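Residue-level structural notes
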Amino acid sequence: MRPFGYVKPLDVDAAVLAAAAPGAKYLGGGTNLVDLMREGIEQPDTVVDVTGLPLDTVEDLPGGGLRIGALVRNSALAADRRVRTRYPVLSQALLSGASGQLRNMATVGGNLLQRTRCPYFYDTAAACNKRGPGSGCDALDGFNRGCAILGVSDSCIATHPSDMCVALAALDAVVEVRGRAGVRRIPLAELHRLPGDTPDLETNLASADLITAVELPPPVAVNSRYRKVRDRASYAFALVSVAAALEVQDQTVRQVRLALGGVAPKPWRAREAERILLEGPAEESAFRRAAEAELAGATVRQHNAFKVELAAATIVAVLRQLSEREARV
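Below, the structure is looked at part by part.

Reading the values: rules and limits
- Residues numbered from 1 in each chain as written.
- Predicted model: local features only at pLDDT ≥ 70, side-chain atom pairs only at ≥ 80, totals over all residues.
- Heavy atoms only, no water.
- Helix = DSSP H or I, 4+ residues; strand = E, 2+ residues; numbered from the N terminus.
- Rg over C-alpha atoms; globule rule 2.2 N^0.38 Å.
- Buried < 20%, exposed > 50% of the residue type's maximum accessible area, 1.4 Å probe, protein only.
- Contact = heavy atoms within 4.5 Å.
- Areas by Shrake-Rupley, 256 points an atom, 1.4 Å probe, with all protein chains shown as cover.
- Lys, Arg positive; Asp, Glu negative; His and termini not counted.
- Charge placed at Lys NZ, Arg CZ, Asp CG, Glu CD.
- Pairing = 2+ DSSP bridges.
- Axes fitted to C-alpha atoms, helices over the stretch in contact; angles between N-to-C directions.

**Overview of the overall build of the chain**
- Along the backbone of the chain there are 13 helices and 12 strands.
- Since a compact globule built from 329 residues should have a radius of gyration of about 20 Å, the 20 Å found for the chain is in line with a globular shape.
- When the 329 residues of the chain are sorted by exposure, 52% land in the buried category.
- For the chain, long-range pairs separated by at least 24 residues make up 64% of all intrachain contacts whose partners lie at least 6 apart in sequence.
- In the form shown here, the chain has an accessible surface area of approximately 14,300 Å², with 51% of it arising from carbon and sulfur atoms.
- Across the chain, the 39 positively charged side chains and the 37 negatively charged ones have centroids separated by 3 Å.

Here it is as structure tokens:
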């Protein structure tokens, strides 16, 4: 790890000013950034420590929504009574991520900004367009079992690793950002970019932009669930994950929100599946039809073709469970 400067600003404006310097990076919980610095992948000239800023509260919004400060720890958010009762999908997703020790350190803002990655991203001897734009992508013809099948390009097939972001995508979360141009609000579905020809650019944030909060609208359905399929029971990224919220009346789907993880370079909102499901029958054949339509455009590689059927089966299983729960209410 090479030498770097360290700044701990006293307020948000000072943080944005400090981060505007060339080579500056924000530091929250540090669970991703410090790891990448240790590996020599991230090499900031200055680390701007924002952990002292007053961004660590969860507040009620009019109508039943929530405003979540960017420095709220993942474990605290998962345990919040309002999250557990109004947005169980979010609490479940948070508890699926990493380990208890890391959840105690990780922040909401830092989780949003985890680097999209595959094993070749960590291997400085490998070609990776994320680390070295234009160098190539060894994952294309290498070991790509965990790589993406939706939204990929010939430049990158890495997956976004966050569980929390998948749930936030399904919940129509909005990200509040403070930058040199003032305050902006970005729908979470528009925060992350697909790789295209520039996989090194992972978000639509400008230089020095600081995430200050995430806002959740009132929940559209009481029943929601997050399911994560992975190789081992803890501390593993998703092969496939599904975040879903469902409201059924008279055996008809009245509201549905669906997002996927482990299958794309960003949290994947399943808009086509939602379109097919809405106002249709709440039955397994419809769930299967919607899942297959969402995955029809998948681009698979040698080792990850299994993700298509795994994702479809997981979508069906989650929707079936939610519809059965709705029928019992």
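**Side note on the sheet that holds strand 3 (residues 46-49)**
- Here three strands make up an open sheet; going across it, the order is 1-3-2 and the pairing parallel. Only two strands of the sheet have a single partner each, and these edge strands are strand 1 (5-7) and strand 2 (24-27). On average, each strand axis in the sheet is tilted by 25 degrees relative to the strand beside it, whichever way the strands run.
- Relative to strand 3, strand 2 runs parallel, the two being bridged by four bridges. Its bridge partner lying in strand 3, lysine 25 is registered against valine 47.
- Along the sheet face, helix 1 (residues 12-19) touches strand 1, strand 2 and strand 3 and points at about 145 degrees away from the line of strand 2.

**So, helix 5 (residues 88-96)**
- Of all nine residues making up helix 5, seven are buried, and the element is well covered by its neighbours.
- For helix 5, the set of buried residues is Pro88, Val89, Leu90, Ser91, Ala93, Leu94 and Ser96.
- The positive-phi residue at the C-terminal boundary of helix 5 is alanine 98, with phi of around 55 degrees.

**With respect to the pairing of strand 11 (residues 252-261)**
- Across the 10 residues of strand 11, eight count as buried, placing the element largely inside the fold.
- The loop that links strand 10 (residues 240-249) with its antiparallel partner strand 11 comprises two residues; one of these, aspartate 250, has a positive phi angle of about 55 degrees.
- Note: strand 11 against strand 12 (residues 268-269), two bridges, orientation antiparallel. Looking at the pairing, leucine 260 lines up with tryptophan 268 of strand 12.
- Adjacent in sequence and paired antiparallel, strand 11 and strand 12 are bridged by six residues, among which glycine 262 carries a positive phi angle near 75 degrees.

These values are about where atoms sit, not about what they do.
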